[in-house]
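Each chain, written out:
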Amino acid sequence: MNGLALITGASSGFGKAIAEKFASRGYDIIITGRRKNKLEELSSSIKQKFPVKILVLDFDVQDKKAVDQHLAHLSEEWRQIDVLVNNAGLALGKDYFEEANMDDWETMIDTNLKGLMYVTRAILPFMIARKKGHIINMGSVAAKEVYERGNGYSASKFAVDALSKAMRIDLLRHNIRVTAIHPGAAETAFSLVRFKGNEQEAQKVYEGFTPLSAEDVAETTWFCASLPPHVCINDLVITPTAQANSFYLNKK
Ligand code: NDP
Ligand code: 8X3
């Protein structure tokens, strides 16, 4: 075993690819999400390929009690977490501020921001006791620039950016690395979730250019985690070559 990583939102997209990447490098993994069947499927497929231990935990990161029940009471073996990847998150809707659904705003803030805080607080005592650890927070280009109709999602990701900076300062005395990764357009279930199952709308997002893949983001996450312990990537923005930032996309 080369280490232990906990990856939230591992039932799909980036989290799934990150779990596979870490397992391929000999890491034991704790994989979390709400869809237990997806996590179990991933666990079985990884175990067929790599000799690693996997703990599946299904809970909603919005539910503080559930987060604590699942994470604060991990057995000694599963407390030795070297890397926490706070990846679980979503966008819901793409509407003008005055028209956006307030429940969508609340779900994004409760998941992307508060969920990340709950998970991190539950895990931190284990890292602090070991005087080491690496927290990797999944931000977005939407954490760097606000775009039209991105209001609530951008706000939640700006908060992730701010929190990553704050964690890096406060956790300095505990020798804990904090990295924020900010991807641009990547083809996962992200847009299908954002557009609430509307496949046509979701498909349009990725037309006319080559988006990032989940594997691209997993490779980058692994890169950050695999650097020597005295090196910390603070902030990393990764876009497709066809994308400069939230505004400029070179679509054919
Ligand atoms: P997916 O929809 O493919 O995956 C999202 C993951 O988050 C799923 O595993 C889902 O699991 C989990 N999740 C969502 N809500 C909750 C919740 N309440 N409790 C627990 N788990 C939850 O999208 P991506 O892989 O693309 O997204 C991963 C992260 O990357 C998100 O934070 C997203 O904002 C960010 N991102 C995505 C970009 C993109 O273009 N794809 C670009 C920049 C950032 P389940 O449904 O089983 O609970
Ligand atoms: C996802 C990228 O541009 O849809 O975080 O906000 S974007």
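Residue positions within a chain follow its written sequence, with the count starting from 1. Note on labels: chains are lettered from A, ligands numbered from 1, in written order. Local features are withheld for residues below a pLDDT of 70 in this predicted model, meaning they are given only at 70 or higher, and side-chain atom pairs are given and counted only at 80 or more; totals for whole chains, interfaces and linings count all residues. Side-chain metrics rest on all non-hydrogen atoms present in the structure, leaving aside hydrogens and water.

Draft legend 1. Here's a closer look at the overall build of the protein. For the purposes of this entry, the term helix denotes a DSSP run of H or I that reaches at least four residues, the term strand denotes a run of E that reaches at least two, and both are numbered from the N terminus. Within the protein, the regular secondary structure consists of eight helices and seven strands. When we talk radius of gyration, it's over C-alpha atoms, and the globule rule is simply 2.2 Å times the number of residues to the 0.38. In terms of overall dimensions, the protein is globule-like: its C-alpha atoms have a radius of gyration of 17 Å, near the 18 Å expected for 252 residues. In terms of overall dimensions, the protein has C-alpha extents of about 50 × 40 × 35 Å along its principal axes. Contacts are assigned to residue pairs that have any heavy atoms within 4.5 Å of one another. Look at the contacts in the protein between residues 6 or more apart in sequence, and 71% of them connect residues 24 or more apart. Accessible surface, the protein as shown: approximately 12300 Å² in total, 52% of it carbon and sulfur. In these tables, accessible area is a Shrake-Rupley quantity obtained with a 1.4 Å probe, and a residue counts as shielded only by the protein chains included in the view.

Draft legend 2. Expanded view of the packing of aromatic side chains. Between rings of Phe, Tyr and Trp, where Trp is taken as its six-membered ring, a pair exists when centres lie within 6.5 Å; planes separated by under 30 degrees are stacked, by over 60 edge-to-face, and by other angles tilted. Tallying each qualifying case throughout the model produces five aromatic pairs. On the numbers, 5.0 Å between centres and 85° between planes, the contact of Phe 22 with Trp 222 is edge-to-face. Here Phe 22, found in helix 1 (residues 13–24), pairs with Trp 222, found in helix 8 (residues 214–226); they are 200 residues apart in sequence, far enough to count as distant. In terms of burial, Phe 22 and Trp 222 fall into one category: buried. Considering the side-chain rings of Tyr 27 and Trp 222, the 5.5 Å spacing of their centres and the 90° angle between planes classify their relative orientation as edge-to-face. Taken together, the residues span a long stretch of sequence, with Tyr 27 in strand 2 (residues 27–33) and Trp 222 in helix 8 at a distance of 195 residues. You can call Tyr 27 buried: its relative accessible area is 9%. Put simply, the rings of Phe 22, Tyr 27 and Trp 222 touch in pairs and so form one group of aromatic residues. Over a ring means this: the NZ of a Lys or the CZ of an Arg is within 6 Å of the ring centre and within 35 degrees of the ring normal. Positioned above the aromatic ring of Tyr 96, the side-chain terminus of Arg 149 is 5.7 Å from the ring centre. Three labels apply to residues, based on accessible area from a 1.4 Å probe with only protein chains included: buried if under 20% of the type maximum, exposed if over 50%, partly exposed otherwise in between.

Draft legend 3. Molecular detail of the site of ligand 2. Whether a residue is near a molecule or strand depends on its heavy atoms: if one lies within 4 Å, it is near. Lining the immediate surroundings of ligand 2 are Ser 140, Val 141, Ala 142, Tyr 147, Tyr 153, Phe 190 and Arg 194. Polar contacts, as used here, are pairs of N or O atoms within 3.5 Å; protein pairs need one atom able to donate a hydrogen and one able to accept it. Residues neighboring in sequence count only if both atoms are side-chain atoms. In this structure, Tyr 147 approaches ligand 2 through a side-chain N or O atom, which is 2.6 Å from an oxygen atom. At a separation of 2.6 Å, an oxygen atom of ligand 2 approaches a polar side-chain atom of Tyr 153. When isolated, ligand 2 has an accessible area of 240 Å², and the protein chains bury 80% of it. Polar here means any residue other than Ala, Val, Leu, Ile, Met, Phe, Trp, Tyr, Cys and Pro, which are nonpolar, and Asp, Glu, Lys and Arg, which are charged; Gly is therefore polar. Across the shell around ligand 2, the residue classes break down as five nonpolar, one polar and one charged.

Draft legend 4. Main features of the pattern of salt bridges. By salt bridge we mean one thing: a side-chain nitrogen of Lys or Arg within 4 Å of a carboxyl oxygen of Asp or Glu. According to the stated counting rule, one finds nine salt bridges in the structure shown. We note a salt bridge from Asp 82 to Arg 130, for which the minimum N-O separation is 3.4 Å. On the criterion of sequence distance, the pair formed by Asp 82 in the loop between helix 3 (64–71) and strand 4 (83–86) and Arg 130 in helix 4 (residues 102–130) is long-range, its members being 48 residues apart. Put simply, Lys 144 and Asp 235 hold a salt bridge, and the shortest N to O gap is 2.5 Å.

Draft legend 5. Up close: unusual backbone geometry. Residues other than glycine seldom take positive phi values, yet Arg 149 does so here, at roughly 70°. On the basis of relative accessible area, Arg 149 is assigned to the partly exposed category, the value being 31%. Unusually for a residue other than glycine, Asn 175 sits at a positive phi of about 65°.

Draft legend 6. Looking closely at the site of ligand 1. Taken together, 30 residues are adjacent to ligand 1, and Ser 11, Ser 12, Arg 34, Tyr 153 and Thr 188 come closest. The separation between an oxygen atom of ligand 1 and a polar side-chain atom of Ser 12 is 2.5 Å. Within the backbone of Val 61, one N or O atom sits 3.0 Å away from a nitrogen atom of ligand 1. Alone, ligand 1 offers 880 Å² of accessible surface; in the complex the protein occludes 96% of this. Looking at the shell around ligand 1, the elements that each hand over two or more residues are helix 1, helix 5 (151–170) and helix 6 (190–194). Residues that form the shell around ligand 1 fall into these classes: 13 nonpolar, 13 polar and four charged.

Draft legend 7. Representation of the environment of Leu 55 in the model. Within the secondary structure, Leu 55 sits in strand 3 (residues 54–58). Linking Leu 55 and Lys 114, residues 59 residues apart in sequence, is a C-alpha distance of 23 Å. Leu 55 has contacts with Ile 29, Ile 30, Ile 31, Leu 74 and Trp 78, leaving out every residue within four places of it along the chain.

On their own, these measurements won't tell you what the molecule is for.
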